[in-house]
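# Coordinate analysis (summary)
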Amino acid sequence: MSLNPQYEDIGKGFVQQYYAIFDDPANRANVVNFYSATDSFMTFEGHQIQGAPKILEKVQSLSFQKITRVITTVDSQPTFDGGVLINVLGRLQCDDDPPHAYSQVFVLKANAGTFFVAHDIFRLNIHNSA
């Protein structure tokens, strides 16, 4: 495969679609459809998970309902196998918690004319200044 020239549009479109589903409590479990049953990895606040069923368990274990999110930037790069690397920076607020900066990195892999999330790393940008 070669570099996908539409990587910017793919990255921005994916982020918009992913967060629209994730941020809707009634629809949140459907984010599992972005992941492969066996070939997807997620690191959520340092906890590593493999496969869509385990990723769904993690998503369903999250205790918040409401998310207010502001995306600061979405940076994308093509990968040499036709996929897309996406880095998201933003701020989010869950329920009545204070807002926090966060970063999330996705690697989308091409698969029969579509994409799946092969890698997903999420981290709140909380610094311990003690």
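Residues numbered from 1 in each chain as written. Predicted model: local features only at pLDDT ≥ 70, side-chain atom pairs only at ≥ 80, totals over all residues. Heavy atoms only, no water.

As annotated in an unreviewed UniProt entry, the protein carries the name NTF2-related export protein and comes from Drosophila yakuba. Annotation of the protein in UniProt includes, under Function (unreviewed entry), the sentence "Has a role in nuclear-cytoplasmic transport of proteins and mRNAs." (UniProt positions renumbered as here; feature names shortened; annotations may be inferred.)

### Some details on helix 2 (residues 52-61)
By the burial criterion, the buried members of helix 2 are Ala-52, Ile-55, Lys-58 and Val-59. With its buried residues spanning 120° around the axis, helix 2 presents them on a single face. When the buried face of helix 2 is taken as reference, the exposed residues oriented beyond 90 degrees from it are Pro-53 and Gln-60. (Buried < 20%, exposed > 50% of the residue type's maximum accessible area, 1.4 Å probe, protein only. Helix = DSSP H or I, 4+ residues; strand = E, 2+ residues; numbered from the N terminus. Arc of directions from axis to C-beta.)

### Focus: the packing of aromatic side chains
A full pass over the atoms with the stated rule returns 12 aromatic pairs. Aromatic side chains Phe-14 and Phe-34 sit 5.4 Å apart centroid to centroid with 85° between the ring planes, which places their arrangement in the edge-to-face category. Residue Phe-14 is found in helix 1 (residues 7-22), and its partner Phe-34 is found in the loop between helix 1 and strand 1 (41-44); the two are separated by 20 residues along the sequence. In this pair, the class of Phe-14 matches that of Phe-34, namely buried. Considering the side-chain rings of Phe-44 and Phe-122, the 5.0 Å spacing of their centres and the 15° angle between planes classify their relative orientation as stacked. Of this pair, Phe-44 sits in strand 1 while Phe-122 is found in strand 6 (residues 114-124), placing the two residues 78 residues apart along the sequence. Both residues of the pair, Phe-44 and Phe-122, belong to the buried class. Of note, Arg-28 hangs over the ring of Phe-22, and the distance from its end group to the ring centre comes to 5.4 Å. Above the face of the Tyr-19 ring, Arg-69 is positioned so that its terminal group lies 3.8 Å from the ring centre. (Phe/Tyr/Trp six-rings, centres within 6.5 Å; stacked < 30°, edge-to-face > 60°. Lys NZ or Arg CZ within 6 Å of the ring centre and 35° of its normal.)

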